[in-house]
Amino acid sequence: MRSLRIGALWVSTSFRAAPLLMVIATVLVALRAVAAPAQTFGISLLVEGLTADRSATITAGIAIIVGGLAVSFLGDVVAWPVQVTAEERMAGRVHADLLDVTTGIPGLTQHERADVSDRLEFVRERAWKMGVGSEVLLWLFGTVTNTVTVLSLLGSVHPVLLLLPLLGMSRVWSAYQGNMREQQAHEDTMPQERLADRLIEIAKDPRTGLEVRVFGLRRVLLERITALQAERFRLLVAAARWSGKVDGGVRLLFGLLYAAAVVWIVIRARNGQQTAGDVVLVLLLAPQVDQMTGGIAQNVYWIGEVVRSFSRYDWLREYAKANSWRRSRTPAPRRLTTGIELRDVGFAYPGAESAVLSGVNLTVPAGSAVALVGENGAGKTTLVKLLARMYDPTSGQILVDGVDLSTIEPGSWRAGMAAGFQDFVKFELIAREVVGIGDVGRMGDVTAVQAAVRRGGAESVVAGLPRGLDTQLGKKFTDGVELSGGQWQRFALARAFMREKPMLLLLDEPTAALDPEAEHRLYEQYATAARDAAAETGGITVLVSHRFSTVRMADLIVVMHHGRIEEVGSHEELLAAGGRYAELFELQARAYR
Ligand SMILES: Nc1ncnc2c1ncn2[C@@H]1O[C@H](COP(=O)(O)OP(=O)(O)OP(=O)(O)O)[C@@H](O)[C@H]1O
């Protein structure tokens, strides 16, 4: 059942990529596959006509030879460009499909589970092999047509000769076994390959270059990479040796049988049991059989690769379907009336044994700004990710105006959300796009982009760019401008402020690269605007910061400790309570005095 589905996926993807071209290519391939054996048959007719002096047979023979030649010529001229274009379309289609399926998965679980992310990586890396699917499909069709024609001709001379292609198939078997072994070796050495690649990246990436040099890691990295590669090559070479030996033996055996068949048919002809035309036919067809089985043997690898690639792609589609949160259909509310409530929320990262959050109970009223504080690893970012619904809680519920977040359609929930993170992405685009993508629908609206730049405090950065908002950012481009960490961060903030009145604004240390004063100014400015917007939409702001001068501006401060909520209240309430918050606040205040 699954193999049928994979076969159908292969054929349908090929024809969907270039329908007309594939139909033309299929017809041409069929004609070419029949042309060579037909010409051989024409030659045997010609010989027979000449030896028996039958002009009708001679004419038929010549007509078939000339027809075959014409078809081969036409096929050679037209088929090539048609096939190349179809292949290009197929490669494009496969990459687009793959990207569509992968980015369509709404959650992040697939990145957390090593087994899933390994398979995902494997699908991506080997995607180009699906891209040759149309070529292999056409080849397969041509080979089947060619085989049927050759077999009918051989069988018409003597059925025993059908053993020849049958035995030739042992070459296909040996090639298949060899390829399976080599493929297995490749899969077995994937962890070493990936680790070596990662270490190579660390060794040469300018972003890691600083630490690599400061700590003198070059030698350690090189030794690790060499050891990993040596281990990999050892396994790969062992597999290649095995298939070389088996295939060589089988080919030798086939060659001997082929020689015996030729001798046998000549003896029969001398005894008057076969005609001269038959001998010619076998002599000319035997190399074609050899070529055919050799071709199949060589291409078995590619058939296997294409089938394997499509079966991985099929797995990905099934995985995406199972993780598409299809049942989350409720549209997100357009404005919040009560707020967000976390009811006994617990969470463990996929594949992790211990819980990162447990027993989290919290009510965030609509229109309020809440700050999450706590030591490193307390679970603040994790809570933010749950609110963005990157994952669902492993226990408990998050209720949005009383509706379970896990039932809300993820796209509509995120459409009402804006976010800025500490580990923001440096999108190497044009400055105006770097900000504009914060609200794709208004990306082209220059006024909106300028307003977001103002809100994110990025005006001075834009003013310093040679072409202002039209400057290409990033050093991968010849005329691209590279920014400092803080300047990139201001752009990330501006991006977060593109959506003017979000229902949920998540700010997870998006100002960590700014100096405390700049951060304070920015939040003061932002807080006033947010209050106005919140009155209209009931929007909630969730802020994570280690700076108490910022945190104190929030309506509600949540102190987290070891994945639990320890204290909740306003700045004044928490100071008066004299708990962890008061202690941490005092520590930080003293440091600044
Ligand atoms: N993707 C992940 N997979 C497994 N564990 C994770 C993952 N991300 C974070 N953790 C673990 O979850 C715990 C909480 O991490 P989290 O990032 O939520 O803390 P945080 O309070 O935001 O810390 P910080 O102040 O350092 O940003 C940590 O112990 C961390 O090791």
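Rules of the game
- Residues numbered from 1 in each chain as written.
- Predicted model: local features only at pLDDT ≥ 70, side-chain atom pairs only at ≥ 80, totals over all residues.
- Heavy atoms only, no water.
- UniProt positions renumbered as here; feature names shortened; annotations may be inferred.
- Domains from an automatic or database assignment.
- Contact = heavy atoms within 4.5 Å.
- Buried area = accessible area lost by both parts, 1.4 Å probe.
- Salt bridge = Lys/Arg side-chain N within 4 Å of Asp/Glu carboxyl O.
- Pairing = 2+ DSSP bridges.
- Helix = DSSP H or I, 4+ residues; strand = E, 2+ residues; numbered from the N terminus.

As named in an unreviewed UniProt entry, the chain is ABC transporter ATP-binding protein, taken from Kribbella sandramycini. Note on the chain: under the UniProt heading Subcellular location (unreviewed entry), the record states "Cell membrane".

## Let's talk about the domain arrangement of the chain
Many analyses report the size of an interface as the accessible area lost when the parts associate. Looking at the chain, the domain boundaries give domain 1 (1-158 + 301-324) and domain 2 (339-592). Taking only C-alpha atoms into account, the centre of domain 1 sits 52 Å from that of domain 2. In this assembly, 6 residues from domain 1 lie in contact with 7 residues from domain 2. Interface of domain 1 and domain 2: buried area, both sides summed, is about 550 Å²; carbon and sulfur atoms make up 61% of it. Three residues, P106, L108 and E112, lead the burial of domain 1 against domain 2; their summed loss comes to 72% of the area buried on that side. For the pair domain 1 and domain 2, the number of links is 0 salt bridges.

## Points about the pairing of strand β4 (residues 395-400)
Here strand β1 (residues 339-347) pairs with β4 via 5 bridges, running antiparallel. If you follow E341 over to β4, its bridge partner there is L399. As paired elements, β4 and strand β5 (residues 403-404) share 2 bridges and run antiparallel to each other. Across the sheet, V400 pairs through a bridge with V403, a residue of β5. Counting the residues that bridge the hairpin from β4 to β5 gives 2 residues, and of these D401 lies at a positive phi of roughly 50 degrees.

## So, the environment of G248
Relative to the helices and strands, G248 resides in helix α11 (residues 218-270). Spatially, the C-alpha atom of G248 lies 67 Å from that of F497, the residues being 249 residues apart in sequence.

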